[in-house]
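# Residue-level structural notes
Read off the chains here:
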Protein chains: 6
Amino acid sequence: MPIIEVNMLEGRSHEAKATLVKAITDAVVTAIAVPPDSVRIIIRDMAFEDYAVAGVLKKMPPQSAS
Amino acid sequence: MPIIEVNMLEGRSHEAKATLVKAITDAVVTAIAVPPDSVRIIIRDMAFEDYAVAGVLKKMPPQSAS
Amino acid sequence: MPIIEVNMLEGRSHEAKATLVKAITDAVVTAIAVPPDSVRIIIRDMAFEDYAVAGVLKKMPPQSAS
Amino acid sequence: MPIIEVNMLEGRSHEAKATLVKAITDAVVTAIAVPPDSVRIIIRDMAFEDYAVAGVLKKMPPQSAS
Amino acid sequence: MPIIEVNMLEGRSHEAKATLVKAITDAVVTAIAVPPDSVRIIIRDMAFEDYAVAGVLKKMPPQSAS
Amino acid sequence: MPIIEVNMLEGRSHEAKATLVKAITDAVVTAIAVPPDSVRIIIRDMAFEDYAVAGVLKKMPPQSAS
């Protein structure tokens, strides 16, 4: 504990993910005084076509020409 | 807010997802009077082999012969 | 299927929740042509002190006077 | 109900998943006396590079040389 | 790993939860050969008014007399 | 985006949660260069009787004397 889930749009590099989980873990360890070993992080990459704000997908289907 | 997660079996087209997030967002905006911008939707496609009912995994629908 | 999770801030009435799940279910049934019985919705009420945007909780702890 | 989500590292075979969902379902049915039909399980495969303990991402196990 | 989340309707006793997590853990350990220590389970109790099937909450608001 | 869910055992103070979400947000903003406004965090407090490792709840039911 804690178990942390990070939902973010796809496309981050392996290096960016490595930096991210290290930074979050350090932040949690410092903020609430838990041992680093207890911090688990799951990254969930989301496709652009699987995330919507205000009813619109981040990547819309191409329009047919007319 | 709200943040909505939709788990569904894989295979819907991009157009179907676009229609779905628009419909859900409109429903939420009307039902509980929040601004459209505040509605975020995450779609999680599930592979057929990753979903089980009564202890049995779903199977991919058979392809139509041709 | 689908299984839908709605995260929203606490305080909606029972009637509002009933209206909300009906509206979302109708939207899903119409948008992607699934039977109503297959639509399951889990509402997760969040306390204001358990949701943050930009690093700030929706309800912050009282400040000590100085 | 219940709806169960299993997060595990990628790489299990279809047979292993089939065995797993059957075993969990039987366990739940026996332990809390619900009908098998009511038990739904979602498996979420995680890439090794999407899971971290103590701030370090898991690595793909090395392939044995041959 | 694995990390398992069990969503179920509120009202199970403490004993039933203890039996449930033991049974699921044993099932997982046997089915996919992971060490017991690696199995983490989160139980999420849901209020009856926070779960809907077919657009109807498990516990509906009382009707006004007429 | 990103949307982050933090599952942790109940009992943290309001101040600790405020410190935690600020620290995580700063970490994410620095690590992957997203604007602070885009970072949303949901804290999920878990009761000790709702979390198990190795098949044992963090708080077990009292044993009957013998």
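For the structure itself, look to the data block above.
Numbering of residues starts from 1 in every chain and runs along the sequence as written. Chain letters and ligand numbers both follow the written order, the letters beginning at A and the numbers at 1. Where totals are concerned, whole chains, interfaces and linings use all residues; where local detail is concerned, this predicted model gives features only for residues with pLDDT of at least 70, and gives and counts side-chain atom pairs only at 80 or more. No hydrogens and no water enter the side-chain calculation; it runs on all heavy atoms of the structure.

## Re the overall build of chain A
For chain A, the count of helices and strands is 1 helix and 4 strands. Going from N to C terminus, chain A has its helices and strands arranged as β-α-β-β-β. The rule is simple: take the accessible area with a 1.4 Å probe, protein chains only, and divide by the maximum for that residue type; under 20% is buried, over 50% is exposed, in between is partly exposed. Looking at chain A as a whole, 53% of its 66 residues qualify as buried. Counting contacts in chain A only where the partners sit at least 6 residues apart, residues at least 24 apart contribute 62% of the total. For the area figures, the Shrake-Rupley method with a 1.4 Å probe applies, and any residue is considered shielded solely by the protein chains shown. Approximately 3000 Å² of chain A is accessible, and the part contributed by carbon and sulfur atoms is 56%. In this text, helices come from DSSP runs of H or I with a minimum length of four residues, and strands from runs of E with a minimum of two, each type numbered from the N-terminal end. Contacts are residue-level and defined by heavy atoms, with any inter-residue pair within 4.5 Å sufficient.

## Let's talk about helix 1 (residues 14–32) of chain A
Given the number of residues in a helix, its expected span is that number minus one, multiplied by 1.5 Å. Helix length check: helix 1 of chain A (19 residues) gives 27 Å between terminal C-alpha atoms against 27 Å at 1.5 Å per residue, within 8%. Against the buried residues of helix 1 of chain A lie strand 1 (3–9) and strand 2 (40–46) of chain A, strand 3 (51–53) and strand 4 (56–57) of chain D together with strand 1 (3–9) and helix 1 (14–32) of chain F.

## Some words on the interface of chain E and chain C
Buried accessible area, meaning the area lost when the parts come together, often serves as the stated size of an interface. Across the boundary between the two partners, chain E contributes 15 residues, which contact 16 residues of chain C. The term buried area denotes the loss of accessible surface (1.4 Å probe radius) that occurs when two parts are joined, taken as the sum for both partners. In total, chain E and chain C occlude about 1400 Å² of area from one another, counting both sides; carbon and sulfur atoms represent 56% of this. For chain E, the biggest contributors to the area lost against chain C are D50, A54 and G55 of chain E; these three give 33% of the whole. For this document, the term salt bridge refers to a Lys or Arg side-chain nitrogen within 4 Å of an Asp or Glu carboxyl oxygen. Taken together, the links from chain E to chain C amount to 3 salt bridges. Between D50 of chain E and K17 of chain C there is a salt bridge, and its shortest N-O distance comes to 2.7 Å. For this analysis, a polar contact is any N or O atom pair within 3.5 Å, provided that within protein one partner can donate a hydrogen and the other can accept it, and provided that sequence-adjacent residues contribute only side-chain to side-chain pairs. Where chain E packs against chain C, one counts 11 residue pairs in polar contact (both at pLDDT 80 or more). The set of elements that each furnish at least two residues to the side of chain E that touches chain C consists of strand 1 (3–9), strand 2 (40–46) and strand 3 (51–53) of chain E. For the side of chain E that touches chain C, the leading source of residues is strand 3 of chain E, giving 3 residues.

## A few points about the pattern of salt bridges
This structure, assessed with the given rule, holds 36 salt bridges over all chains. We note a salt bridge from R44 of chain A to E5 of chain D, for which the minimum N-O separation is 3.3 Å. Of the two residues, R44 of chain A sits in strand 2 while E5 of chain D sits in strand 1 (residues 3–9), which places them in two different chains. On the accessibility criterion, E5 of chain D (10% relative accessible area) is buried. Its salt-bridge partner being D26 of chain B, residue K22 of chain B comes within 2.8 Å of it at the nearest N-O pair. Taken as a pair, K22 of chain B and D26 of chain B lie in helix 1 (residues 14–32) at a separation of 4 residues, close to a single helical turn. Relative accessible area serves as the criterion here: at 40%, K22 of chain B is assigned to the partly exposed category. Judged by its relative accessible area of 37%, D26 of chain B is partly exposed. Within this structure, E5 and R44 of chain A, E5 and R44 of chain B together with E5 and R44 of chain D form a network of salt bridges that share partners.

## Thoughts on the relation of the copies chain A and chain F
Least-squares superposition of the copies uses the C-alpha atoms of those residues scoring a pLDDT of at least 70 in each of them. Here chain A sits on chain F after a turn of 180° about the axis and a move of 0.0 Å along it, with an RMSD of 0.1 Å. The superposition operator between the copies reduces to a two-fold rotation axis.

## As for the relation of the copies chain E and chain C
Of the transformation placing chain E onto chain C, the axial shift is 0.0 Å and the rotation is 120°, giving an RMSD of 0.0 Å. The two molecules are tied by a three-fold rotation axis, judged by turn and shift. Minimal C-alpha separation from the rotation axis in chain E is found for R44 of chain E, amounting to 5.7 Å. Looking at the interface residues of chain E, only 7% of them are also at the interface in chain C, so each copy uses its own face.

## Digging into the packing of helix 1 of chain A against helix 1 of chain F
Axis definition: a line fitted to C-alpha atoms, over the contacting stretch in the case of helices. Angles run 0 to 180 degrees between N-to-C directions. Contact geometry for helix 1 of chain A and helix 1 of chain F: axes closest at 8 Å, N-to-C directions at 160°. Here helix 1 of chain A is positioned roughly antiparallel relative to helix 1 of chain F, judged by the angle of their axes. Crossing of helix 1 of chain A over helix 1 of chain F shows right-handed handedness. Residue-level inspection shows A16, T19, L20, A23, I24, A27, V28, A31 and I32 of chain A of helix 1 of chain A in contact with helix 1 of chain F, the latter providing A16, T19, L20, A23, I24, A27, V28, A31 and I32 of chain F. For the contact of helix 1 of chain A with helix 1 of chain F, the per-class residue count stands at 16 nonpolar, 2 polar and no charged. By the definition adopted for this analysis, an angle is roughly parallel if under 35 degrees, roughly antiparallel if over 145, roughly perpendicular if from 65 to 115, and oblique otherwise. In this scheme the handedness of a crossing depends on how the near helix is turned from the far one: anticlockwise by less than a right angle means left-handed, clockwise means right-handed. Following the grouping adopted for this structure description, the nonpolar residues are Ala, Val, Leu, Ile, Met, Phe, Trp, Tyr, Cys and Pro, the charged ones are Asp, Glu, Lys and Arg, and the polar ones are all others, Gly among them.

## A look at the sheet that holds strand 2 (residues 40–46) of chain F
Strand order in the open sheet formed by 8 strands is 4(C)-3(C)-2(F)-1(F)-1(A)-2(A)-3(D)-4(D), with mixed pairing between adjacent strands. Of all strands in the sheet, those bounded by a partner on one side alone are strand 4 (56–57) of chain C together with strand 4 of chain D. Bridging between strand 1 of chain F and strand 2 of chain F involves 7 bridges; their strand directions are parallel. Residue pairing in the sheet places M8 of chain F in a bridge with D45 of chain F of strand 2 of chain F. A strand pair is defined by DSSP finding two or more bridges across the two strands.

## A look at helix 1 of chain B
Among the residues making up helix 1 of chain B, those that are buried are H14, A16, K17, A18, L20, V21, I24, T25, A27, V28, A31 and I32 of chain B. Immediately beyond the C-terminal end of helix 1 of chain B, within one or two residues, lies A33 of chain B, with a positive phi of roughly 55°.

## Topic: the pairing of strand 1 (residues 3–9) of chain C
Both faces of the sheet carry side chains from a regular strand, because those side chains alternate between them. Within strand 1 of chain C, 7 of the 7 residues are buried, which leaves it mostly tucked inside the rest of the structure. The pairing of strand 1 (residues 3–9) of chain B with strand 1 of chain C spans 5 bridges and is antiparallel. Following the sheet pairing, V6 of chain B is matched in strand 1 of chain C by I4 of chain C. Classification remark: right-handed applies to a crossover when, strands pointing away from the viewer, the course from the first strand over the helix to the second runs clockwise. Crossover strand 1 of chain C to strand 2 (residues 40–46) of chain C through helix 1 (residues 14–32) of chain C is right-handed.

In short, shape yes, function no, at least from these values alone.
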